[in-house]
Amino acid sequence: MALRLIQAGIGGMGRAWWHGAIKDHAGVELVAIVDIADAPLAECGDALGIPQNRRFHDLTEAVKAVDADAVLTVTPPPVHLKHAEIAFANGLHLLTEKPLGATLDEARQMVTLAKEANRQLVVSQNYRYNAPMATLRRLVADQPLGVLGHGHIDFYIPGDFRGTFRETMEFPLLVDMAIHHVDLIRAITGKNILKVTAQTFKPAWSWYQHHPGLKMLMELDDGVQFSYSGDWSARGRGTTWNGAWRLQCDSGSIEYTNDNKIQQTTSTFWSKDQTTTEFPHDAAPRNGQQAVLDGFIAAAATNTPAETSGADNLWSFGAVCAGVISAQQGRTVDVRELIGE
Ligand SMILES: NC(=O)c1ccc[n+]([C@@H]2O[C@H](COP(=O)([O-])OP(=O)(O)OC[C@H]3O[C@@H](n4cnc5c(N)ncnc54)[C@H](O)[C@@H]3O)[C@@H](O)[C@H]2O)c1
């Protein structure tokens, strides 16, 4: 039986959900849509033939009016906790967009509510399932160049988010975008981030109210080190949304480049005899959102945690929140102390 889903937040990324992942998915029945704005409700409702009595301005009204198994919320982060309260109080599973909550305290509350209700909370960390990122994950596990010692990510994209919540939010790159890269570091290395030191800034030309610039150091399990450098207001040569990666292993480097290629390079002393091999991306039958949705459907059907469960995500969001505290207080922050591990 298909999962009966209510989608709340239909505009922006919500459109990518109903149009790109839900519309043709045999395992999901979209039983209601919710948005505070009329235009996205009309666009989605008309495109998918959803009757007027299944279009709502408020999630509570939708939950009362239709029979459902689950909620997907694709709303600004401060709304996620409210939607979690409504979903879990009504015995529904919840798939939420990242970042899990607006604050770590809210994220923790969401995880607790899911546990108390014995329902599944899943976070859309869809970048994990992008073909090049899934390929990097496999390469790090296969160790063709030996053990990973340290890594670096660059992220440079001039995001035009005028009119959305990112324009005014604090730490837009760190909280709303680097959450993907931090979660990817965990997925690709198979290690948790233990300590974070971050500085954020606003370049002179930036059009954001707060800081789209970030320099961050992370210490992972087993002493693996990672650095991150990014600007969400950077003009000039851009990276992909995955960022550009260098993974330094004991007998060579693995790189994911600005032009979406994965290559490994070996050399002898003084970088002589350099040999570079390109890897094709592993075949990905689904895009990242479809993979997340499949994981959510399976988690709801079996009532067991998905790979990107809320509880697991506390390690990713906790590392981001450690970065926020580090930037505010000018000190290194231990993620374990923040998330109580
Ligand atoms: N995983 C990804 O790749 C990815 C990409 C983009 C955005 N996101 C995330 O998706 C979420 C939404 O971002 P966006 O870019 O779509 O924002 P947006 O502002 O463009 O759209 C948000 C939508 O939610 C609606 N909304 C706001 N409050 C609501 C409420 N209380 N009830 C119902 N609807 C409400 C708005 O009217 C709007 O249609 C954020 O958490 C963001 O970080 C994830």
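Overview of the structure.

**Quick notes on the site of the ligand**
Next, step 1: Neighbouring the ligand are 24 residues, the closest being Met13, Asp35, Lys98, Asn126 and Asp176.
Next, step 2: At 2.8 Å from an oxygen atom of the ligand is found a main-chain nitrogen or oxygen belonging to Lys98.
Next, step 3: With respect to the ligand, the side chain of His180 contributes an N or O atom lying 3.4 Å from an oxygen atom.
Next, step 4: Compared with its free state, where it exposes 850 Å², the ligand has 82% of that area covered by protein.

**Quick notes on the packing of aromatic side chains**
Next, step 1: Evaluated as defined, the whole model comprises seven aromatic pairs.
Next, step 2: A centroid spacing of 6.0 Å and a plane angle of 55° characterise the contact between Phe155 and Trp241, whose relative ring orientation is tilted. Here the residue Phe155 occupies a position in strand β7 (residues 148-156), and Trp241 occupies one in the loop between β10 (225-231) and β11 (244-249), the gap between them amounting to 86 residues.
Next, step 3: Look at Phe155 and you get buried, because its relative accessible area is 0%.
Next, step 4: Overall, Trp241 belongs to the partly exposed group, its relative accessible area being 39%.
Next, step 5: Put simply, the rings of Phe155, Phe161, Trp207, Tyr208, Trp232 and Trp241 pair up and form one aromatic cluster.
Next, step 6: Looking at Arg166, its charged tip hangs above the ring of Phe161, at a distance of 4.5 Å from the centre.

**A look at the environment of Asp160**
Next, step 1: Mapping Asp160 onto the fold places it in the loop between β7 and α7 (172-189).
Next, step 2: Exposure remark for Asp160: the relative accessible area of 47% places this residue in the partly exposed category.
Next, step 3: The spatial distance from the C-alpha of Asp160 to the C-alpha of Gly213 is 15 Å, given a sequence separation of 53 residues.
Next, step 4: There is a polar contact of 2.7 Å between the side chain of Asp160 and the side chain of Arg162.

Procedures and definitions
Residues numbered from 1 in each chain as written. Predicted model: local features only at pLDDT ≥ 70, side-chain atom pairs only at ≥ 80, totals over all residues. Heavy atoms only, no water. Near = heavy atom within 4 Å. Polar contact = N/O pair within 3.5 Å; in protein donor to acceptor, adjacent residues only side chain to side chain. Areas by Shrake-Rupley, 256 points an atom, 1.4 Å probe, with all protein chains shown as cover. Phe/Tyr/Trp six-rings, centres within 6.5 Å; stacked < 30°, edge-to-face > 60°. Helix = DSSP H or I, 4+ residues; strand = E, 2+ residues; numbered from the N terminus. Buried < 20%, exposed > 50% of the residue type's maximum accessible area, 1.4 Å probe, protein only. Lys NZ or Arg CZ within 6 Å of the ring centre and 35° of its normal.

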